[in-house]
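Survey of secondary and tertiary structure
Residues per chain are reported as follows:
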Amino acid sequence: MSLPRIVITAGEPAGIGPDVIVKALQSDITARIAVVGDADLLKRRANMLGIACDIQKLDIPSEVSAHVPNRIQVLHTPCLDDVVPGTLNIANARYVITTLERSASLAQDGVFDAIVTAPVQKSIINDSGIPFSGHTEFFADFFRCEDVVMLLTNQKFKVALATTHLPLRDVPNAISKDGLCKQFRIIHRSFCELYGVEKPRIAMLGLNPHAGEGGHLGKEELDTLIPARDVALSEDIDVSLPLPADTAFVSEAGKCADVILAMYHDQGLPVLKTAGFGHSVNVTLGLPIIRTSVDHGTALELAASGKASEGSLLAAINEAIVCAHHQA
Ligand SMILES: NC(=O)C1=CN([C@@H]2O[C@H](COP(=O)(O)OP(=O)(O)OC[C@H]3O[C@@H](n4cnc5c(N)ncnc54)[C@H](O)[C@@H]3O)[C@@H](O)[C@H]2O)C=CC1
Ligand SMILES: NCC(=O)COP(=O)(O)O
């Protein structure tokens, strides 16, 4: 394929999104790259960090050219109010959503092959009156996908989540046999298409301690997880019996698997982030486009300090490039 075309969204303007973008784009990257965000904000943040870079406004998105270190092509989308690094401004919440909508439309129109997102502050978007639980759910809605799967990946683990951004008390009711079956199919198909794995092995974690201890510590394994697995096996999708989550990551079954499916956000992600925070990537499986993201949040306290690492953004851009080549 010709050079993959990547669009990066600039994220929460008061956070470290602009920092990690100007830092990451100092590197040589083999792709066409444009940033959707406020060009003046990026210029100011680069100055604060002492990074000399050429910020070029790009009027026609399809004219995005090959990336050159320290040159940033920007699809200028102005902030709506002042930006003070580290201080959230509710008046800019709508700007953040506009950057997501613009990137999604461009990807939908085939102008870009992949969207890479810098972090947003979910709370300020909600405080502004816009319901928002995450990029994953936003892009699923935008592309009208009933089911998508959040996958985080690094050198050591690939962890998919059966549920994403919801209160812990709502988790058991959000896990259903049909829902799991759809997720198994999405994971299976995506690992074949995006990662070239012929028959992906999915290690499924139990929801309850000791995977329910034969029904004595919770019934979800018997009533929901195992019946969903039976359907998967009948479709030639390789899914394990529910593994006790506390040891799954160090067990042979976990180590041999291509992907571990955790039942909820904080069951899987602390393990993955402990193993590789700063170098992990968040990928949304099941969208009609490629979408990757950083493994971290807005880290407001680090904005404009120069201390935010661009490692995860570089990994997310690289992952998008690899996926784009696999899909070509
Ligand atoms: N992809 C996204 O849009 C994500 C957004 N968030 C949002 O970010 C906000 C803050 O979330 P937190 O839980 O505080 O997580 P956080 O990732 O912003 O911060 C956690 C810790 O990691 C450090 N850290 C984060 N990124 C770093 C980097 N690039 N280099 C060096 N250190 C870094 C921070 O200083 C802090 O100590 C929340 O609103 C959350 O919803 C969180 C995760 C992902
Ligand atoms: N912990 C992952 C996270 O919060 C990022 O989610 P999303 O915004 O990529 O959906």
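Calculation criteria
Residues numbered from 1 in each chain as written. Chains lettered and ligands numbered in written order. Predicted model: local features only at pLDDT ≥ 70, side-chain atom pairs only at ≥ 80, totals over all residues. Heavy atoms only, no water. UniProt positions renumbered as here; feature names shortened; annotations may be inferred. Helix = DSSP H or I, 4+ residues; strand = E, 2+ residues; numbered from the N terminus. Buried < 20%, exposed > 50% of the residue type's maximum accessible area, 1.4 Å probe, protein only. Contact = heavy atoms within 4.5 Å. Near = heavy atom within 4 Å. Polar contact = N/O pair within 3.5 Å; in protein donor to acceptor, adjacent residues only side chain to side chain. Areas by Shrake-Rupley, 256 points an atom, 1.4 Å probe, with all protein chains shown as cover. Axes fitted to C-alpha atoms, helices over the stretch in contact; angles between N-to-C directions. Parallel < 35°, antiparallel > 145°, perpendicular 65-115°, else oblique. Nonpolar A, V, L, I, M, F, W, Y, C, P; charged D, E, K, R; others polar. Pairing = 2+ DSSP bridges.

Labelled according to an unreviewed UniProt entry, the protein appears under the name 4-hydroxythreonine-4-phosphate dehydrogenase, originating from Candidatus Paraluminiphilus aquimaris. Annotation of the protein in UniProt includes, under Subcellular location (unreviewed entry), the sentence "Cytoplasm". The UniProt entry for the protein carries this comment under Sequence similarities (unreviewed entry): "Belongs to the PdxA family."

Time to look at the UniProt feature "binding site: substrate" (unreviewed entry) in the protein. This chain's UniProt record puts "binding site: substrate" (unreviewed entry) on His135, Thr136, Lys273, Asn282 and Arg291. Mapped onto the elements of the fold, histidine 135 is located in helix H5 (residues 135–142). The exposure class assigned to histidine 135 is buried, which follows from its relative accessible area of 6%. Note that lysine 273 resides in helix H11 (residues 265–276). Here lysine 273 falls in the partly exposed class, since its relative accessible area comes to 29%. Not counting the four nearest positions on each side in its chain, lysine 273 is found in contact with Leu152 and Asp295.

Near ligand 2, the surroundings consist of Lys122, Gly134, His135, Thr136, Glu137, Met150, His165, His265, Leu269, Asn282 and Arg291. Histidine 265 places a polar side-chain atom, nitrogen or oxygen, 2.7 Å from a nitrogen atom of ligand 2. Between ligand 2 and arginine 291 there is a distance of 2.9 Å, counted from an oxygen atom to a side-chain nitrogen or oxygen. Out of a free accessible area of 300 Å², ligand 2 has 87% covered by protein chains.

Okay, the packing of helix H7 (residues 177–195) against helix H12 (residues 311–327) next. The interhelical angle for the contact between H7 and H12, taken along N-to-C directions, is 90°, at an axis separation of 7 Å. Classified by the angle their axes make, H7 and H12 are roughly perpendicular. For the pair H7 and H12, the contacting residues are Glu193, Leu194 and Tyr195 in the first and Glu319, Cys323, His326 and Gln327 in the second. Of the residues in the contact of H7 with H12, the class split is three nonpolar, two polar and two charged.

By the bridge criterion, two bridges tie strand S8 (residues 201–204) to strand S9 (residues 238–239) in an arrangement that is parallel. Its bridge partner being in S9, arginine 201 is matched across the sheet by aspartate 238.

Taken together, 17 residues lie around ligand 1, and Val120, Gly297, Ala299, Glu301 and Ser309 are the ones closest in. The separation between an oxygen atom of ligand 1 and a polar main-chain atom of lysine 122 is 3.5 Å. Here glutamate 301 contributes a side-chain N or O atom positioned 2.4 Å from an oxygen atom of ligand 1. In isolation ligand 1 offers 820 Å² of accessible surface; the protein chains occlude 63% of this area.

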